[in-house]
Amino acid sequence: MDKYRKYFNINPDYFPAVNSDLIKKDPDLWKKFYPHETFITLLKKAMNVIERKEKLNIWVEGAYGTGKSHAVLTLKHLLDAREQETEEYFNKYNLDEDLRKKFINCKKQGRIITVHRLGSSSIYGDNDLFLAI
């Protein structure tokens with residue numbers, strides 16, 4: 001196993017999937033999520049939904065281990081966190097200034113309720129999904 005360490009710089013904090021134990025262990029886990037292009041698209045879509053410019057739902061899908069749970073957790077915290085923490089995240093990753101302003105403005109209005117559910121393995125049909133929501 002040590003042979004591979006010479007070729008790859010593996011993050012010692014790497015985790016294969018976000019779960020409730022990991023969130024409890026590291027409440028600031030969301031601050032470590034790197035905002036790649038797909039995540040920035042998710043942030044913009046979320047703002048459009050909040051501003052009622054698009055349908056009032058967002059669907060996040062992808063293969064196991066692609067970061068969906070971490071991305072959604074980060075989005076939730078960007079909406080729930082203190083203004084300063086949201087500002088720090090946007091500044092840390094040098095994100096779009098207009099998008100940052102939109103996030104801060106919607107937070108100041110105080111009309112957002114976020115609900116976070118981890119996993120969907122117990123949802124087998126429309127009724128299960130409805131009850132989960």
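Note that this is a predicted model, so its numbers are computed, not measured.

Asker: Whenever I open this one, the overall build of the chain confuses me. Can you help?
Answerer: Across its full length, the chain carries seven helices and zero strands. Dimensions of the chain, computed from C-alpha atoms along their principal axes, come out at roughly 55 × 40 × 25 Å. The 133 residues of the chain split such that 25% are buried. Total accessible area computed for the chain in this model is approximately 10300 Å², and 52% of it derives from carbon and sulfur atoms. Taken together, the 23 basic and 19 acidic charged side chains of the chain have centroids lying 1 Å from each other.

Asker: Even after reading the chapter, I still don't get the environment of N127, so can you show me in this structure?
Answerer: As for its placement among the helices and strands, N127 is situated in helix α7 (residues 126-132). A relative accessible area of 62% places N127 in the exposed class. The spacing of N127 and L56 is 71 residues in sequence and 19 Å in space, taken between C-alpha atoms.

Asker: Looking at this structure, how should I read a nonpolar patch on the surface?
Answerer: There is a patch of nonpolar side chains on the surface, built from Y7, F8, I10 and Y14 and spanning about 550 Å² of accessible area. On the secondary structure map, Y7 appears in the loop between α1 (2-5) and α2 (20-25).

Asker: Just to check I follow, could you spell out helix α5 (residues 83-92) for this structure?
Answerer: One turn of an α-helix holds 3.6 residues; hence residues three or four places apart share an orientation. Residues E85, T86, Y89 and F90 constitute the buried set of α5. Looking straight down α5, one finds that the buried residues subtend no more than 135° of arc, so they occupy a single side. In α5, the exposed positions angled more than 90 degrees off the buried face are occupied by N91 and K92.

Asker: Please explain the pattern of salt bridges as it appears in this structure.
Answerer: When charged atoms on two side chains of opposite charge get close, those side chains can pair. According to the stated counting rule, one finds 10 salt bridges in the structure shown. The salt bridge partner of K45 is E54, with a shortest N-O separation of 2.5 Å. In this structure K45 comes out as partly exposed when scored by relative accessible area, which is 32%. Residue classification places E54 among the partly exposed positions, given a relative accessible area of 31%. One salt bridge in this structure joins R100 and E87, with 2.8 Å as the shortest N-O distance. Of this pair, R100 sits in helix α6 (residues 97-109) while E87 sits in helix α5, and the two are 13 residues apart along the sequence. By sharing partners, the salt bridges in this structure join D28, K31, R82 and E85 into a single network.

Rules and cut-offs
Residues numbered from 1 in each chain as written. Predicted model: local features only at pLDDT ≥ 70, side-chain atom pairs only at ≥ 80, totals over all residues. Heavy atoms only, no water. Helix = DSSP H or I, 4+ residues; strand = E, 2+ residues; numbered from the N terminus. Buried < 20%, exposed > 50% of the residue type's maximum accessible area, 1.4 Å probe, protein only. Areas by Shrake-Rupley, 256 points an atom, 1.4 Å probe, with all protein chains shown as cover. Lys, Arg positive; Asp, Glu negative; His and termini not counted. Charge placed at Lys NZ, Arg CZ, Asp CG, Glu CD. Patch = residues over 30% accessible without salt bridge, like charges linked within 9 Å, V, L, I, M, F, W, Y side chains within 5 Å. Salt bridge = Lys/Arg side-chain N within 4 Å of Asp/Glu carboxyl O. Arc of directions from axis to C-beta.

Note that all results are geometric; they support no functional claim without further evidence.
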